[in-house]
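# Topology and contacts: notes
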Amino acid sequence: MSEVEIRLEELPGLLATVQLRLQGFLCLVHAWAGEIAPRAADRLVTVLDEHFRINGTLDLG
């Protein structure tokens with residue numbers, strides 16, 4: 001098993017990067033769903049965002 005060390009001051013930037021990448025994922029899901037099931041695309045993205053809390057404000061406190 002490997003250990004990963006992250007300095008506390010690096011954490012906000014890393015989390016912001018993850019959030020941006022997940023937002024990009026939601027955009028890709030929306031485009032894909034728009035091709036497969038256009039009427040369901042918005043709802044699918046909304047449900048994914050609600051469950052994974054991608055677009056919310058990062059609470060680092």
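Look up: the structure comes first, before these words.
The rules behind the values
- Residues numbered from 1 in each chain as written.
- Predicted model: local features only at pLDDT ≥ 70, side-chain atom pairs only at ≥ 80, totals over all residues.
- Heavy atoms only, no water.
- Salt bridge = Lys/Arg side-chain N within 4 Å of Asp/Glu carboxyl O.
- Helix = DSSP H or I, 4+ residues; strand = E, 2+ residues; numbered from the N terminus.
- Polar contact = N/O pair within 3.5 Å; in protein donor to acceptor, adjacent residues only side chain to side chain.
- Core = buried A, V, L, I, M, F, W, Y, C linked by side-chain atoms within 4.5 Å.
- Buried < 20%, exposed > 50% of the residue type's maximum accessible area, 1.4 Å probe, protein only.
- Axes fitted to C-alpha atoms, helices over the stretch in contact; angles between N-to-C directions.
- Parallel < 35°, antiparallel > 145°, perpendicular 65-115°, else oblique.
- Left-handed = near helix turned anticlockwise from the far one by under 90°.
- Contact = heavy atoms within 4.5 Å.
- Nonpolar A, V, L, I, M, F, W, Y, C, P; charged D, E, K, R; others polar.

## Let's talk about the pattern of salt bridges
Evaluated as defined, the whole model comprises two salt bridges. Across the pair Arg7 and Glu9 runs a salt bridge, and its minimum N-O distance is 2.7 Å. Between Arg7 and Glu10 there is a salt bridge; the shortest N-O distance is 3.7 Å.

## Details of the side chain of Gln19
Its location among the elements puts Gln19 in helix H1 (residues 11-36). Within polar-contact distance, the side chain of Gln19 engages the backbone oxygen of Gly56 at 2.7 Å.

## A few points about the nonpolar core
Judged by nonpolar contacts, Leu26, Val29, Val45, Leu48 and Ile54 together constitute the single largest core of five residues. Where this core is concerned, the elements lending two or more residues are H1 and helix H2 (41-52).

## Overview of the environment of Glu50
Locating Glu50 in the fold gives a position in helix H2. Remark: the alpha-carbon pair of Glu50 and Leu20, spanning 30 residues in sequence, is separated by 16 Å.

## Some details on unusual backbone geometry
Positive phi, normally seen in glycine, also occurs at Arg53, with a value near 50°. Look at Arg53 and you get exposed, because its relative accessible area is 70%.

## With respect to the packing of H1 against H2
Between H1 and H2, whose axes approach to 8 Å, the crossing angle comes to 150°. Between H1 and H2, the interaxial angle falls into the category roughly antiparallel. Crossing of H1 over H2 shows right-handed handedness. Counting all contacts with H1, which are made through Leu26, Val29, His30, Trp32, Ala33 and Gly34, the residues of H2 involved are Ala41, Asp42, Leu44, Val45, Leu48 and Asp49. Of the residues in the contact of H1 with H2, the class split is eight nonpolar, two polar and two charged.

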